[in-house]
Protein chains: 2
Amino acid sequence: MSFAQPLPLRSGAVLRDYTLMFETYGSLNAERSNAVLVCHALNASHHVAGVYEGDSRSTGWWDNLVGPGKPLDTDRFFVIGVNNPGSCFGSTGPTHLNPATQQPYGADFPVVTVEDWVDAQARLCEALGITQLAAVIGGSLGGMQALDWAIRYPQRIRHCIAIATAPNLSAQNIAFNEVARRAIVTDPDFHAGHYQAHGVVPKRGLRVARMIGHITYLSDDTMAAKFGRNLRDATEPRYTTQDIEFEIESYLRHQGDKFSEYFDANSYLLITRVLDYFDPAREHGGNLSAAFAKARAKFQLVSFTTDWRFPPARSREIVKALLDNRLDVSYAEIAAPHGHDAFLLDDARYHGVLRARFEHIASEIAPEAAR
Amino acid sequence: MSFAQPLPLRSGAVLRDYTLMFETYGSLNAERSNAVLVCHALNASHHVAGVYEGDSRSTGWWDNLVGPGKPLDTDRFFVIGVNNPGSCFGSTGPTHLNPATQQPYGADFPVVTVEDWVDAQARLCEALGITQLAAVIGGSLGGMQALDWAIRYPQRIRHCIAIATAPNLSAQNIAFNEVARRAIVTDPDFHAGHYQAHGVVPKRGLRVARMIGHITYLSDDTMAAKFGRNLRDATEPRYTTQDIEFEIESYLRHQGDKFSEYFDANSYLLITRVLDYFDPAREHGGNLSAAFAKARAKFQLVSFTTDWRFPPARSREIVKALLDNRLDVSYAEIAAPHGHDAFLLDDARYHGVLRARFEHIASEIAPEAAR
């Protein structure tokens, strides 16, 4: 969907003539009261659920959660997935033409923030005729968007479901992002972000960036269980510095290679910055409770015990801030082994929590049906 | 010191005509019973203590521990620091000439291991006329060398002091090393490890490698306390993807820049592999207790609560294996905020443990003096 009205950004810049790619699943009811917005994290897209015809490998990134009969049941809810601007799956981003120059934006794409994304999502909802969302749900960076909806659009969101997220990035979180960015920016093929004009892609940097990210998505335990110290080819070490020796190396290289084939380097820089900059407490002198003063939604927070990127303690900070405002909040701390990635996986207790929550939301929409 | 006798390596290769750089502090007593070997970790050298004349910035890397009146008191002990082969501070390494080709070794330097290093150290001790060390001490990778001394040279070591170390690297540890290696190897200036011949240095890769390493040396808490989310220049964000925004970014870039000026890229690959390959339990079917079956030393283990690279649980694995063998073992788990780096810092409780241990060792050497 194209938007002619410019989008003013937190940075002071303005995004002109932008397009948002989105998908919807299920049907909007007559009251337009059953819409659920799903917010994506770093590297995902608007393609939340289902499989594209003729492409059996195109399963949506949260297909285990979203669909007919699934916890977020598309027989009851109208689910919206939207690709955020600055990303690289069809919505206006760095690979698109800059209307001011008629050249690809590249590194000139304006820095975007969670708030900018949520503003764009709010406009999309308006365009779809939805004045109030039944829920906004997201994990990780997606959870930050859900929180921002509750903070800045309190009348337009009834339930906020924020999973495996944090009220801001820690210094360590920023540090990992920064190393990933340096790997990209110092790749000679980066060309200060205008690699498209040079007909190249900074794949080396993207590979390293993804490998770093991937380590932080998995728990130490998962890595130990899945790969341990297993050698890839041999029972005895081959003693090599540049070749693959351990299984974990093979896995990481594969993840890096795959990622470098489909993800845009400037988008990676932008979206890691979206993470870095999110900090709703900042304009309240660091007081997170004050940030939620106007929130009215009901909240479901979920964290995972082995998530060391956004550990449970970060979710508890949010829970405390919500309780300080006497808001309606449920919090589930799931004992799952999979680290940060757990939010994307089909864990029975985790999905049980979400199923119960969405059944509750559905019952609010159609109370007679729930009796 | 030059060694004409070739050093056979675990990999099957042989190191010919090698040189070991070393320094000593204090005096060897008449009985040659007061020698303490200090083993370095990834990026340190034989220069353990003191300052070189005319270079006030040349303080040894463990100067807070080693010196007259310090916990490892050079008025009582003869302390030896040695640079391990494959490193880049004077001992034979990748920047040196390969006697077979008369070209710099570069990537052809053979893969070395903890065992190879300890063999080289044992020969150095022999050359110095020391048949038994009062103690071997090291932190991190240095601790692995101390453990290997106890395992493979049981008659030649009376005390083993292994700090902030592990019985092997976890999959996550290997993963971080591998990403660092990929950053170096995929730097176009790496030239498959023969960058010397091209007159360049793969500084980009070294910078990224060091930044990754540095994150794992510090605790999340230390980073939060030292840098938090502080912006470097401004009170308001500047909104930039490529420039420095947060203090932590400035710090990491500085660490990376410094490192890339003095450390050799091939040495970095080799020494991360020394870490990866250390696994004394491997040849005992994973049974760490069996690995220590022949050990006779007395052990002092130390770990730090916030060390997430080699957390206390890894030291406890070693303690258990030692106790299984009814060995004399003390273990101190120090509540220190500084993460893995704590082993290099002057923490009162930590240094208190080491001071007491060395006083005990000194009393064994000269029991009448201790009365």
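Scroll up to find the structure.
Our subject in this report is the structure included herewith. (Residues numbered from 1 in each chain as written. Chains lettered and ligands numbered in written order. Predicted model: local features only at pLDDT ≥ 70, side-chain atom pairs only at ≥ 80, totals over all residues. Heavy atoms only, no water.)

1. Brief notes about the pattern of salt bridges
Two side chains that carry opposite charge are able to pair once their charged atoms sit near each other. Selection rule: Only one rule defines a salt bridge in this text: a Lys or Arg side-chain nitrogen within 4 Å of an Asp or Glu carboxyl oxygen. Counting from the N terminus, the helices are the DSSP runs of H or I reaching at least four residues and the strands are the DSSP runs of E reaching at least two. The rule is simple: take the accessible area with a 1.4 Å probe, protein chains only, and divide by the maximum for that residue type; under 20% is buried, over 50% is exposed, in between is partly exposed.
All told, the structure shown has 45 salt bridges over all chains when counted by the stated rule. Residue D189 of chain B is joined to R204 of chain B by a salt bridge in which the shortest nitrogen-to-oxygen separation is 3.5 Å. Of the two residues, D189 of chain B sits in the loop between α3 (171–185) and α4 (203–217) while R204 of chain B sits in helix α4, which places them 15 residues apart along the sequence. Classification of D189 of chain B by relative accessible area gives partly exposed; the value is 21%. Exposure remark for R204 of chain B: the relative accessible area of 23% places this residue in the partly exposed category. The closest approach of N and O atoms between E364 of chain B and K298 of chain B, which form a salt bridge, is 2.7 Å. With E364 of chain B in helix α10 (residues 348–365) and K298 of chain B in strand β14 (residues 298–304), this pair connects stretches of sequence that are 66 residues apart. In this structure E364 of chain B comes out as partly exposed when scored by relative accessible area, which is 31%. Three or more residues are tied together by salt bridges with common partners; here these are E178, R181, R273 and D276 of chain A together with E249 and R253 of chain B.

2. Considerations on the interface of chain B and chain A
The test is simple: Any pair of residues with heavy atoms lying within 4.5 Å of one another is described as a contacting pair. The term buried area refers to how much accessible surface (probe radius 1.4 Å) is lost by two components on association, counted for both of them together. Any N or O atom pair separated by 3.5 Å or less is treated as a polar contact, with the protein-specific requirement of one donor-capable and one acceptor-capable atom, and with residues adjacent in sequence counted only for side-chain atom pairs.
With 60 residues of chain B at the interface, the matching set in chain A holds 59 residues. If you sort the residues of chain B by the area they bury against chain A, R229, Y239 and T241 of chain B come out on top, with a joint share of 15%. Linking chain B with chain A are ten salt bridges. Between R273 of chain A and E249 of chain B there is a salt bridge whose closest N-O contact spans 2.6 Å. Here chain B is connected to chain A by 26 residue pairs in polar contact (both at pLDDT 80 or more). Elements with a minimum of two residues in the side of chain B that touches chain A: α3, α4, α5 (220–226), α6 (247–262) and α7 (265–277) of chain B. For the side of chain B that touches chain A, the element with the most residues is α3 of chain B, which contributes eleven residues.

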